[in-house]
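# A closer look at the structure
Each chain, letter by letter, is given below.
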Amino acid sequence: MTLRKKTLTIIGLTFVGLIVILFFISQQILLSSFAGLEEQNTRQNVERMLSVLSDDLAALEATDGDWAAWDDTYAFISGVNSGYIKTNIVEGTFVGLKLNFILFINTSGETVFAKAFDLNSEKEIPVPQSLQTHLAGSDWLRYHPDAKNSISGIVLLPEDPVLIVSRPILHSDRTGPVAGAFIMGRYLDAGEIDRLAERTLLSLSVYRADDIRMPADYRRALLSLSKDTPILVRPIDAQRVAGYSLLSDIYGKPALVLRADMTRDIYSHGQRSIAYLILSIVVAGVVLGTATMLLLEKQVLSRLARLGKGIRSIGVTGDLSQRVSVTGQDELARLADTINVMMEALEQSGQMLQDKNRQLDAQNEELMLKQQELIDKTAEVERATQAKSEFLANMSHELRTPLNVIIGFSQLMMDRVPGEINDEQRQCLSDILSSSQHLLQLINDVLDLSRVESGKVELKPKNIVLSEVLESLARTMMPTLASRGQSLDVEVAPGLPRIYADDGKVGQVLRNLLDNASKFTPDGGKLKIEAVRENHWCRVSVIDNGLGIRKEDQERIFEPFFRVDSSLGRERGGTGLGLPLVKQIVERYGGRILVESELGKGSRFIFTLPLAAG
Ligand code: ADP
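Now for a description of the structure that goes with this document.

Taken together, 20 residues are adjacent to the ligand, and Asn 516, Lys 519, Asp 544, Arg 563 and Thr 575 come closest. One nitrogen or oxygen atom from the side chain of Lys 519 is found 2.9 Å from an oxygen atom belonging to the ligand. Separating an oxygen atom of the ligand from a backbone N or O atom of Thr 575 is a distance of 2.7 Å. For the ligand, whose unbound accessible area comes to 530 Å², protein coverage reaches 96%. The set of elements that each furnish at least two residues to the shell around the ligand consists of α13 (503-519), α16 (578-588) and β17 (602-610). Residue composition of the shell around the ligand, by class: 10 nonpolar, 7 polar and 3 charged.

Turning our attention to the packing of aromatic side chains. One pair of aromatic rings is described through two measures. These are the centre distance and the angle between the planes. Taken as a whole and judged by the stated rule, the model has 15 aromatic pairs. Measuring from ring centre to ring centre gives 6.1 Å for Phe 104 and Phe 113, while their planes differ by 55 degrees; the resulting arrangement is tilted. Of the residues examined, Phe 104 reaches a relative accessible area of 0% and is grouped as buried. By the ring-pair criterion, three or more aromatic residues cluster together here, those being Trp 67, Trp 70, Phe 76, Tyr 84, Phe 104, Phe 113 and Phe 182.

Turning our attention to the layout of surface pockets. Estimates place the volume of the second largest pocket at around 440 Å³. Forming the boundary of the second largest pocket are 17 residues, of which Leu 50, Ile 154, Leu 246, Leu 247 and Ser 248 lie nearest the centre. Elements supplying a minimum of two residues to the lining of the second largest pocket: α1 (3-68), β4 (151-156) and β9 (240-248). A class-by-class count of the residues in the lining of the second largest pocket yields 9 nonpolar, 6 polar and 2 charged.

Glancing now at the sheet that holds strand β15 (residues 537-544). Strand order in the open sheet made by the 5 strands is β12-β14-β15-β17-β16, with mixed pairing throughout. Each edge of the sheet is formed by a strand with only one pairing partner; in this case those strands are β12 (487-492) and β16 (593-598). The sheet shows a mean angle of 15 degrees between the axes of neighbouring strands, taken without regard to direction. Relative to strand β14 (residues 526-534), β12 is paired through 6 bridges, and the arrangement is parallel. Across the sheet, residue Val 492 finds its bridge partner in β14, namely Ala 531. Each of β12, β14 and β15 is contacted by helix α12 (residues 466-483), which is oriented at about 175 degrees to β12, the strand it contacts most.

Since the α-helix advances by 3.6 residues per turn, residues separated by three or four positions end up pointing in the same direction. Helix length check: α13, at 17 residues, gives a terminal C-alpha distance of 24 Å against a target of 24 Å (1.5 Å per residue), a fit within 8%. Regarding α13, the residues found buried are Lys 505, Val 506, Gly 507, Gln 508, Val 509, Leu 510, Leu 513, Leu 514, Asn 516, Ala 517 and Ser 518. Residue Asp 502 occupies the N-cap position of α13, its side-chain oxygen lying 3.0 Å from the main-chain nitrogen of Gly 504.

Let's shift gears to the side chain of Asp 544. Relative to the helices and strands, Asp 544 is located in strand β15. Despite being buried, Asp 544 has no salt bridge partner; Arg 604 is the closest side chain of opposite charge, sitting 9.7 Å away. A polar side-chain atom of Asp 544 sits 2.9 Å from the main-chain amide nitrogen of Gly 546. With residues up to four places along the chain from it excluded, the contact list for Asp 544 reads Ala 517, Thr 521, Lys 526, Leu 527, Lys 601, Gly 602 and Ser 603.

A word on the pairing of strand β2 (residues 111-118). The sheet contact formed by strand β1 (residues 101-106) and β2 spans 5 bridges and is antiparallel. Residue pairing across strands places Phe 104 opposite Phe 113, the latter belonging to β2. Here β1 folds back onto β2, and the loop between the two strands holds 4 residues, one of which, Gly 109, carries a positive phi near 95 degrees. Pairing geometry for β2 and strand β3 (residues 123-125), over 3 bridges, is antiparallel. Its bridge partner lying in β3, Ala 116 is registered against Ile 125.

With that settled, consider the sheet that holds β4. Pairing in this open sheet of 6 strands is antiparallel, and the strands run β3-β2-β1-β6-β5-β4 from one edge to the other. A single partner strand is all that each edge strand has here, and the edge strands are β3 and β4. Along the sheet, successive strands turn relative to each other by an average axial angle of 25 degrees, direction set aside. Its contacts with the sheet put helix α5 (residues 129-137) on β1, β2, β4, β5 (161-168) and β6 (180-187), and the angle it makes with β1 is roughly 35 degrees.

For helix α7 (residues 190-200), every residue scored as buried is listed here: Glu 192, Ile 193, Leu 196, Ala 197 and Thr 200. The buried residues of α7 occupy an angular sector of 140 degrees when projected down its axis, which confines them to one face. In α7, the exposed residues that point more than 90 degrees away from the buried face are Ala 190 and Glu 198. Each element contacted by the buried residues of α7 is listed here: α1, β6 and β7 (203-208).

What counts, and at which threshold
Position labels on residues start from 1 in each chain and follow its written sequence. The predicted origin of the model limits local features to residues at a pLDDT of at least 70 and limits the giving and counting of side-chain atom pairs to 80 or more, whereas totals for whole chains, interfaces and linings rest on all residues. Hydrogens and waters are ignored; side-chain quantities use all the structure's heavy atoms. One heavy atom within 4 Å of a molecule or strand is enough for the residue carrying it to be called near that molecule or strand. Here a polar contact is recorded for every N or O atom pair within 3.5 Å, except that within protein the pair must consist of a potential hydrogen donor and a potential acceptor, and residues adjacent in sequence are included only if both atoms are side-chain atoms. Where accessible areas are quoted, they stem from the Shrake-Rupley method and a 1.4 Å probe; at the residue level, only the protein chains shown are allowed to cover. To qualify as a helix, a DSSP run of H or I must reach at least 4 residues; to qualify as a strand, a run of E must reach at least 2; elements of each kind are numbered from the N terminus. All residues other than Ala, Val, Leu, Ile, Met, Phe, Trp, Tyr, Cys, Pro, Asp, Glu, Lys and Arg, Gly among them, are scored as polar; the first ten of these are nonpolar and the last four charged. Pairing of aromatic side chains requires ring centres within 6.5 Å, counting the rings of Phe and Tyr and the six-membered ring of Trp. Pairs whose planes differ by under 30 degrees are stacked, by over 60 edge-to-face, and all others tilted. Exposed residues in this analysis have more than 50% of their type's maximum accessible area, buried residues have under 20%, and partly exposed residues fall in between, with area computed by a 1.4 Å probe over protein chains only. Lining residues are defined by having an atom within 4 Å of a point belonging to a cavity or pocket. Those points lie on a 1 Å grid over the protein atoms alone, cavities being sets where a 1.4 Å probe fits but cannot get out and pockets being open sets with protein on both sides within 12 Å along at least five of seven lines. Grid points are joined across faces, edges and corners, and a volume is the space filled by probe spheres set on the points. Any two strands are treated as partners once DSSP identifies two or more bridges connecting them. Lines fitted to the C-alpha atoms define the axes, with helices restricted to the stretch that makes contact. Angles between their N-to-C directions range from 0 to 180 degrees. Whether two residues are in contact is decided by their heavy atoms, any of which lying within 4.5 Å being enough. Expected helix span is taken as 1.5 Å per residue step, with the number of steps being one fewer than the number of residues. By the counting scheme adopted, Arg and Lys are positive, Glu and Asp are negative, and His together with the chain ends is not counted. Whenever a carboxyl oxygen of Asp or Glu lies within 4 Å of a side-chain nitrogen of Lys or Arg, that contact is scored as a salt bridge. The arc in question is traced by the directions running from the helix axis to the C-beta atoms.

And the structure:
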């Protein structure tokens, strides 16, 4: 997910969350307060309607009071004012006071006079039987215990409910004794309800409490309404709200259920307000969100993207001289600066590396040249060595053939095969023979050494037992040593492991060294060979108590043809090639050779050979 998408999502979610919260809050708080307002308004309207109704009743009561407390009426009920009815109870009285009936009842409860009037047709009608029946059953309306008594309210007649007032008949100064009851009545019929509705500007409908056709909502309201809950407000649907009220009759029994219908102006106004509020929040949110997004885009995201692009381009091209650019003075700009500083350092170190590389390349080239030179030289040396070896091999062959002839014929002549020789000739022949033999030895030694040096000699290492090699050496050397009265002591450390070498070559090394030891030790001298283990090596020492070697000569005796310059040494023969050959062989096995010696006391040649593995 890109940073841009994330930001957009966060802003979007925050915005949606805000709207949802606002929606619920407005629903909970605003709408319920609007509902409360609506209820209050409905209640007030119902109360207004009730008060209009009670005003009507009060007016009727006042009128009735005026008529009842009047000497003329008093006289009439007492039977002395016969013109009273004619004068006063006329049509105009009914129409003017909007009355449906007037009744005069004496103290015995008998109706002295009664008259009914139809206000719609404006004609006198017979007093309804239902009223008579009702009055006959109700002492309340007919008898007034004192002058202050007054009865007013609703009475449910079978045909229609009626507003009725009954007051005691008194003198004009409102003194008694009570002469009877004066009753006035007005039907609370559909027309009256319509008038009430017109006056209160309400849509009114009424059901009698005992009406079995009463709709369900009225019935529910009837159940809920009581003295403590005189008004009940219930929404009917989305457009209308109803206020219910219960009117009781003069006996305190439920008489009428009134319903005033009103449009839900307040509530729908509230709903519209909330809708507008949310709409404006949505619009504001979209505008603000877009603005936030644009600002973020301009201030952060696009700059971040450009920074990323710059860094990517450096990564792709690998061009360390590139720099990233971000304008401004904030953290991003500082980050870009830091990256640039880093790039600078990288570039410098890259430059340094390149320089070093170039140097190394140059050095490498130099080295390669030198190496090539060395290879050439080596090849040259190899060629030279090859040529030398070949030359030596050829030479030795060419030299050995005539030498053997010389030696052979000298020997034959010495043995007097061709004929007698004198002593002088014999001496000459002996010299020829020994010189020739020395020369042959020299040639053989040179050949040996050059072959080992040039690597021509194949070493065939195997696991050998050193003591066996020593035994065979002692056996072959014994006659020579015995002739000079020299003793040989061989001491091999017990449990010495096998040696990994060519037994022929090891024998050659030991023979050369033992030969030298014998040669450079006076008659009757003591010779000794020791072999011990030293880590993975076998250390062999060839010891004599002979002439010894001077310090300055000790280093040189391993050089070819070096022989200690002494009259004695020369006499002992030798070619000066023995020790170089020994050294070559030992070193071919990875071993080392050295000499410890003191002039006149003897020498000790020490060399090492590898032990067999395991
Ligand atoms: P050579 O054929 O003369 O023995 P080597 O290379 O074997 O040639 O020896 C070189 C010289 O080292 C000898 O001439 C001798 O002077 C000296 N040398 C070798 N071994 C001994 C030894 N055991 N005691 C004294 N001198 C020795």
